[in-house]
Amino acid sequence: MSNRADIVPVTAEHDAEWWRQAAVYQIYPRSFSDSNGDGLGDLKGITSKVPYLKELGIDAVWLSPFYPSALADGGYDVDDYRNVDPRLGTLEDFDEMAAALHAAGIKVIVDIVPNHTSNRHVWFQEALASPKGSPARARYIFRDGLGENGELPPNDWTSIFGGPAWERITEPDGTPGQWYFHLFAKEQPDLDWDNPEVHEDFIKTLRFWSDRGADGFRVDVAHALKKDMDAELPNLEHLHRADLFRNGEHPLWDRDEVHTVYSEWRKVFNEYNPPRTAVAEAWVHADRRARYASPEGLGQAFNFDLLQADFDAEQFREIIAKNLAEAAATGASSTWVFSNHDVVRHATRYGLPKGGGRRGHGQDGVDWLLEGGDPSQVDAERGLRRAKAATLLMLALPGSAYLYQGEELGLQEVGQIADEDRQDPTFFRNRGVEVGRDGCRVPLPWDAAPAEGSSFGFGSNGSHLPQPAWFADYAENVQEKDPGSTLAFYRRALALRHELQGAESLGWQDSSDDDVLHFVRPGGWHVVANFGTAPVVLPEGEVLIASAEVDGGKLPGEATVWIRAQH
Ligand code: NOJ
């Protein structure tokens, strides 16, 4: 006999599938809104912006880490997974924020960072204070050095942020000692996921936030947890290229065993009603992404293919078709993303001389930053025009769309930041090779001319990364009043998306123009995207929204339109 109290009514609030076609807005908390004038965004700042988020029309927010951290890597160096950085607030502030978001119908996704802790985490401090071979060291990857006195690192592997991936410690007795492995900054020692204690502790963390109202998790470097530290690499060039290996045999990335972790996590997610969701950040070969997105695993995985593509009809079409086919085969829904806290904003990438793709050297955003991020090289108008076209196309695709704070304002990357103002470890560890990711993390401009403070309404007393004067042109309060603004465009697109969204399918329509993509979603929702520069004639129907003005039945170049077909 079932107990009535156990029966949870199926309402929109309890819809276990809410994530499948959600629009998720990424908040980088330190740079969103500062409530106490210390120059750092905080949780109360987010709570104060809930009405803004509600009006924007998103379904969920994903918060980048807000945990205690020395910010050696923007908070991805976590001191304590079950607490809030005092500079960002308290656990009570989290509860208040989650309640306000939920009351506005917005789900909450938190970031979980399982590959590494920070070097200030109590476990790492214990490891440093404990002897070689102790259980405290066994939570991390400690090895003896090579050479006569162990003075050489255990191998020649390098870290993602540049420099060696090993750091030598001083033993408790003051002598030079063992080395520990860090895939990222030296302040981010890697955990050993062969240790059951590590598994147990993360399950505790998942329950902690799930009990506190988190609806889902974004899993940082989900493909790196399991490692074969004794493996030989044929070529050091391969070290950071998970995507080159499709067989699960890379020593560091995308090993088949990693999925044992996520099947454990899935059991925890499914203890909740609705089940907690998760999305993997896994830069793996597209063929292996589905393993992370399986319903027995995390359920969803970021698909960075469009983010890496140029603004090009053929590339887009191929990527969309491939990912939808994969989603249909696995049962996961696809994900789409153009911008996040790790890449050059897409309104800027698309305004650079080449095609707008990012990733690796020899590509637009990276090249431009290396050359000093000179704003005169960016055709900001064209960049925004293409970014709006690409975004409107993305918002019409089946699956979930991930948006990054500030893109709804059409914000450009800040290319020029003085060396002394930079914060990203990639800059410091890799001078001259990587400039870093600070340019997309500059605090948002809310007010073009605030009565108080010098940070465009971000807070009352400056901002932790300097905002350029041109941020005033993008301020939220300016766009608020302008029906032609990028903000108004995002609001309308997100509202329409809710109205129009149905089954997760899409039918390609023939187009005689190679630069044009045309597809239809169930219910007669037509989407035409023109990647070329010449205007194209549109099919008959009611124009619902367009990223540029449709005139005389023609869609201008570099623009997308949604049309309701006439029956
Ligand atoms: C991926 C995160 O998105 C990035 O910001 C961070 O630096 C690395 N993982 C390391 O945690």
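Residues numbered from 1 in each chain as written. Predicted model: local features only at pLDDT ≥ 70, side-chain atom pairs only at ≥ 80, totals over all residues. Heavy atoms only, no water.

Draft legend 1. Quick look at the sheet that holds strand 12 (residues 507-508). Taken in spatial order, the 5 strands of this open sheet run 12-13-14-18-16, and their pairing is antiparallel. Each edge of the open sheet is held by one strand with a lone partner, namely strand 12 and strand 16 (542-546). Here 2 bridges tie strand 12 to strand 13 (residues 516-521), and the two strands are oriented antiparallel to one another. Counted as the bridge partner of Trp 508 is Phe 519 from strand 13. Taken strand by strand, helix 9 (residues 313-330) contacts strand 12 and strand 13, and its axis lies near 30° from that of strand 13. Strand contacts of helix 15 (residues 486-500): strand 14 (525-530), strand 16 and strand 18 (559-564), with the helix running at about 130° to strand 16, the strand carrying the most contacts. (Pairing = 2+ DSSP bridges. Helix = DSSP H or I, 4+ residues; strand = E, 2+ residues; numbered from the N terminus. Contact = heavy atoms within 4.5 Å. Axes fitted to C-alpha atoms, helices over the stretch in contact; angles between N-to-C directions.)

Draft legend 2. Quick peek at a negative patch on the surface. Residues Glu 314, Glu 318, Asp 514 and Asp 515 make up a contiguous surface patch of negative charge. Along the chain, Glu 314 turns up in helix 9. For Glu 314, a relative accessible area of 46% gives the class partly exposed. (Patch = residues over 30% accessible without salt bridge, like charges linked within 9 Å, V, L, I, M, F, W, Y side chains within 5 Å. Areas by Shrake-Rupley, 256 points an atom, 1.4 Å probe, with all protein chains shown as cover. Salt bridge = Lys/Arg side-chain N within 4 Å of Asp/Glu carboxyl O. Lys, Arg positive; Asp, Glu negative; His and termini not counted. Charge placed at Lys NZ, Arg CZ, Asp CG, Glu CD. Buried < 20%, exposed > 50% of the residue type's maximum accessible area, 1.4 Å probe, protein only.)

Draft legend 3. How the structure looks around the nonpolar core. Of all hydrophobic cores here, the largest spans 134 residues; its most connected members are Tyr 25, Trp 265, Phe 316 and Trp 562. If one sorts the elements of this core by residue count, helix 15 sits on top with 7 residues. In terms of nonpolar packing, the next biggest core, distinct from the first, is built from 19 residues, Ala 165, Trp 179, Phe 184 and Leu 252 among them. (Core = buried A, V, L, I, M, F, W, Y, C linked by side-chain atoms within 4.5 Å.)

Draft legend 4. Broad picture of the environment of Asp 228. Counting through the fold element by element, Asp 228 comes out in the loop between strand 7 (216-219) and helix 6 (258-269). Asp 228 gets classed as partly exposed once you look at its relative accessible area, which sits at 27%. Distance from Asp 228 to Leu 206, taken between C-alpha atoms, is 26 Å for residues 22 residues apart in sequence. With residues up to four places along the chain from it excluded, the contact list for Asp 228 reads Trp 157, Pro 251 and Arg 255.

Draft legend 5. Seen up close, the domain arrangement of the protein chain. Parsing the protein chain into structural domains produces domain 1 (12-113 + 303-490), domain 2 (122-181) and domain 3 (506-565). Between the C-alpha centres of domain 1 and domain 2 there is a distance of 35 Å. Contacts between the two partners involve 7 residues from domain 1 and, on the opposite side, 7 residues from domain 2. Interface area, domain 1 with domain 2, both sides summed: about 460 Å², of which 48% is carbon and sulfur. Seen at the junction of domain 1 and domain 2, the total is 0 salt bridges. Grouping the constituent residues of the side of domain 1 that touches domain 2 by class yields 1 nonpolar, 2 polar and 4 charged. (Domains from an automatic or database assignment. Buried area = accessible area lost by both parts, 1.4 Å probe. Nonpolar A, V, L, I, M, F, W, Y, C, P; charged D, E, K, R; others polar.)

Draft legend 6. Structural view of the pairing of strand 1 (residues 23-27). Counted residue by residue, strand 1 has 5 buried out of 5 residues, so it is predominantly covered. Here strand 1 shows a buried face lined by Ala 23, Tyr 25 and Ile 27 and a second buried face lined by Val 24 and Gln 26. Pairing of strand 1 with strand 11 (residues 400-404), which is carried by 4 bridges, proceeds in the parallel orientation. Within strand 11, the residue paired with Val 24 across the bridge is Tyr 402.

Draft legend 7. Layout of the pairing of strand 8 (residues 277-280). Judged by which residues are buried, strand 8 turns out to be covered on both faces: Thr 277 and Val 279 on one side and Ala 278 and Ala 280 on the other are all buried. When strand 7 meets strand 8, the two strands line up parallel, connected through 4 bridges. Bridging from a neighbouring strand, Gly 216 pairs with Thr 277 of strand 8. Each parallel crossover has a hand, and the one from strand 7 via helix 6 to strand 8 is right-handed. Where strand 8 lies against strand 9 (residues 299-301), 3 bridges are found, and the strand directions are parallel. Pairing of Ala 278 across the sheet is with Gly 299, part of strand 9. (Right-handed = clockwise from strand over helix to strand, strands pointing away.)

Draft legend 8. Region of the structure containing the site of the ligand. The local shell around the ligand holds 13 residues, among which Asp 73, Arg 218, Asp 220, His 341 and Asp 342 are the closest. Between the ligand and the protein, one listed contact pairs an oxygen atom with a side-chain N or O atom of Arg 437 at 3.0 Å. Out of a free accessible area of 300 Å², the ligand has 97% covered by protein chains. By residue class, the composition of the shell around the ligand is 3 nonpolar, 3 polar and 7 charged. (Near = heavy atom within 4 Å. Polar contact = N/O pair within 3.5 Å; in protein donor to acceptor, adjacent residues only side chain to side chain.)

Draft legend 9. Seen up close, helix 12 (residues 380-394). For helix 12, spanning 15 residues, the distance from its first C-alpha to its last is 20 Å, which sits close to the expected 21 Å at 1.5 Å a residue. Listed in full, the buried residues belonging to helix 12 are Gly 383, Arg 386, Ala 387, Lys 388, Ala 389, Ala 390, Thr 391, Leu 392, Leu 393 and Met 394. (Expected span 1.5 Å × (residues − 1).)

Draft legend 10. Region of interest: the packing of aromatic side chains. With the rule as written, the count across this model stands at 38 aromatic pairs. Consider the rings of Trp 62 and Tyr 402, whose centres lie 6.5 Å apart with planes at 75°: the pair is edge-to-face. One end of the pair, Trp 62, is in strand 2 (residues 60-63); the other, Tyr 402, is in strand 11, with 340 residues separating them in the sequence. Across this residue pair, the class does not change: Trp 62 and Tyr 402 are buried. Here Phe 66 and Trp 209 contribute two aromatic rings whose centre-to-centre distance is 5.4 Å and whose plane-to-plane angle is 85°, an arrangement assigned as edge-to-face. You can see Phe 66 sitting in the loop between strand 2 and helix 3 (91-103) and its partner Trp 209 sitting in helix 5 (residues 196-211), a full 143 residues away along the chain. Trp 209 shares its class with Phe 66; the two are buried. (Phe/Tyr/Trp six-rings, centres within 6.5 Å; stacked < 30°, edge-to-face > 60°.)

Draft legend 11. Seen up close, the confidence of the model for the protein chain. Overall, the prediction assigns the protein chain a mean pLDDT of 93, with 94% of residues at 70 or greater. Segment residues 1-12: pLDDT under 50, and 5 contacts once partners within four positions in sequence are set aside and those in other chains are kept. (pLDDT = per-residue confidence, 0-100.)

Draft legend 12. Seen up close, the sheet that holds strand 6 (residues 176-181). Within the open sheet, the 3 strands sit side by side as 4-6-5. Their pairing is antiparallel. One side of each edge strand has no neighbouring strand; the edge strands of this open sheet are strand 4 (142-143) and strand 5 (166-170).

Draft legend 13. Molecular detail of the packing of helix 5 against helix 6. Here helix 5 crosses helix 6 at 30°, and the two axes come no closer than 10 Å. In this structure, helix 5 meets helix 6 at a crossing whose hand is right-handed. In this structure, helix 5 uses His 199, Phe 202, Ile 203, Leu 206 and Arg 207 to contact helix 6, whose residues at the interface are Val 261, Glu 264, Trp 265, Val 268 and Phe 269. Tallied by class, the residues present in the contact of helix 5 with helix 6 amount to 7 nonpolar, 1 polar and 2 charged. (Left-handed = near helix turned anticlockwise from the far one by under 90°.)

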